Amino acid sequence: MSGEGDSPAPQVEVDVLVEAGPWASIADAEALVVRAVNAACAGALTEYEIDIDGAEIAVKLTDDAALQALNRDWRGKDYATNVLSFPTPEVAREGGDPHLGDIAIAYETLAREAEAEGKPIADHLAHLAVHGTLHLLGYDHEVAEEAEEMEAMERHVLAGLAIADPYAETEPVHP
């Protein structure tokens, strides 16, 4: 029940494009991504004064080949990775561009990691969507202190989605 002064958390317009990969094998993958992105934005609002009302984020659900090409072309790293984030430049945001940036997630890497870590693939998808969104909002993990802050926010957001701590020690699953 909302109090008189409560207002609903701002919602971000999330455009999900399924480009390649067997994403249909994850029930409601697109809706899960939208929910995770909005939860990450709401969680970040508790830390920063970020005006995200009317903001937009594009998420591409694709395959390892596409992520490898993006990683090579934009980061100079010629291998597939699980998630990449491309924040809209600060100057564009200051100019009023509502687009916060783009996120790309690779199905094969997502599935391999989820299986190796014994996690439900849908939970790992939500984690990567949250992780990518936090990068768009300025979080990073290049330095230990920043990594701890980002991981704490990920845990907080995922707990709100009833998803277990992705950084908890787990026993690897062996075939």
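Residues numbered from 1 in each chain as written. Predicted model: local features only at pLDDT ≥ 70, side-chain atom pairs only at ≥ 80, totals over all residues. Heavy atoms only, no water.

What follows covers the packing of helix 5 (residues 121-136) against helix 6 (residues 144-160). Put simply, helix 5 and helix 6 touch, their axes get as near as 10 Å, and they point 130° apart. On the basis of their axis angle, the class for helix 5 and helix 6 is oblique. For the pair helix 5 and helix 6, the sense of crossing is right-handed. Only Met150, Met153, Glu154, Val157 and Leu158 of helix 6 make contact with helix 5, whose side of the interface consists of Ala126, His127, Val130, His131, Leu134 and His135. In the contact of helix 5 with helix 6, the residues fall into seven nonpolar, three polar and one charged. (Axes fitted to C-alpha atoms, helices over the stretch in contact; angles between N-to-C directions. Helix = DSSP H or I, 4+ residues; strand = E, 2+ residues; numbered from the N terminus. Parallel < 35°, antiparallel > 145°, perpendicular 65-115°, else oblique. Left-handed = near helix turned anticlockwise from the far one by under 90°. Contact = heavy atoms within 4.5 Å. Nonpolar A, V, L, I, M, F, W, Y, C, P; charged D, E, K, R; others polar.)

Further remarks concern the sheet that holds strand 4 (residues 99-106). If you trace the four strands from one edge of the open sheet to the other, you get 1-2-4-3, paired in mixed fashion. A strand with exactly one partner marks an edge of an open sheet, and here the two such strands are strand 1 (13-18) and strand 3 (83-87). Neighbouring strand axes in the sheet, compared pairwise and without regard to direction, differ in orientation by 15° on average. Bridge count for strand 2 (residues 56-62) against strand 4 is seven bridges, and the pairing is parallel. Residue pairing across strands places Ile57 opposite Gly101, the latter belonging to strand 4. Here helix 2 (residues 64-75) sits on the sheet and contacts strand 2, strand 3 and strand 4; the angle it forms with strand 3, its principal contact strand, is near 45°. Across the face of the sheet, helix 5 comes into contact with strand 2, strand 3 and strand 4 while running at roughly 145° to strand 4. (Pairing = 2+ DSSP bridges.)

The next thing to look at is the pattern of salt bridges. Counted by the stated rule, this structure contains six salt bridges. Here Arg72 makes a salt bridge to Asp73, at a shortest N to O gap of 3.2 Å. One salt bridge in this structure joins Asp78 and Arg72, with 3.7 Å as the shortest N-O distance. A single network of salt bridges, built from pairs that share partners, joins Arg72, Asp73 and Asp78. (Salt bridge = Lys/Arg side-chain N within 4 Å of Asp/Glu carboxyl O.)

Moving on: helix 2. With 12 residues, helix 2 extends 15 Å between its outermost C-alpha atoms, agreeing within 8% with the 16 Å of an ideal straight helix rising 1.5 Å per residue. All of the buried residues in helix 2 are Asp64, Ala66, Leu67, Leu70 and Asn71. The buried residues of helix 2 occupy an angular sector of 160° when projected down its axis, which confines them to one face. The outward face of helix 2, more than 90 degrees from its buried face, is lined by the exposed residues Ala65 and Asp73. Summarising the contacts, the buried residues of helix 2 are in contact with strand 2, strand 3, strand 4 and helix 4 (107-117). Looking one or two places after helix 2, you find Gly76, whose phi comes out positive at around 70°. (Expected span 1.5 Å × (residues − 1). Buried < 20%, exposed > 50% of the residue type's maximum accessible area, 1.4 Å probe, protein only. Arc of directions from axis to C-beta.)

Let us now look at the nonpolar core. By size, the foremost hydrophobic cluster in this structure holds 39 residues, and its most contacted members are Ile57, Val59, Leu61, Ile105 and Leu125. Of all the secondary-structure elements, those providing two or more residues to this core are strand 1, helix 1 (29-45), strand 2, strand 4, helix 4, helix 5 and helix 6. Residue contributions to this core peak at nine residues, all from helix 1. In this structure, Ile57 is in contact with Val12, Glu13, Val14, Asp15, Val37, Cys41, His99, Leu100, Gly101, Ile103, Thr133 and Leu136, ignoring residues within four places of it in sequence. Among the nonpolar cores identified, the runner-up in size contains five residues, and Leu70, Leu84, Ala104 and Ala106 belong to it. (Core = buried A, V, L, I, M, F, W, Y, C linked by side-chain atoms within 4.5 Å.)

Along the polypeptide, His99 turns up in strand 4. Of the polar contacts made by the side chain of His99, one reaches the backbone oxygen of Gly101; its length is 3.0 Å. Beyond its immediate chain neighbours, meaning those up to four positions away, His99 contacts Glu56, Ile57, Ala58 and Thr88. (Polar contact = N/O pair within 3.5 Å; in protein donor to acceptor, adjacent residues only side chain to side chain.)

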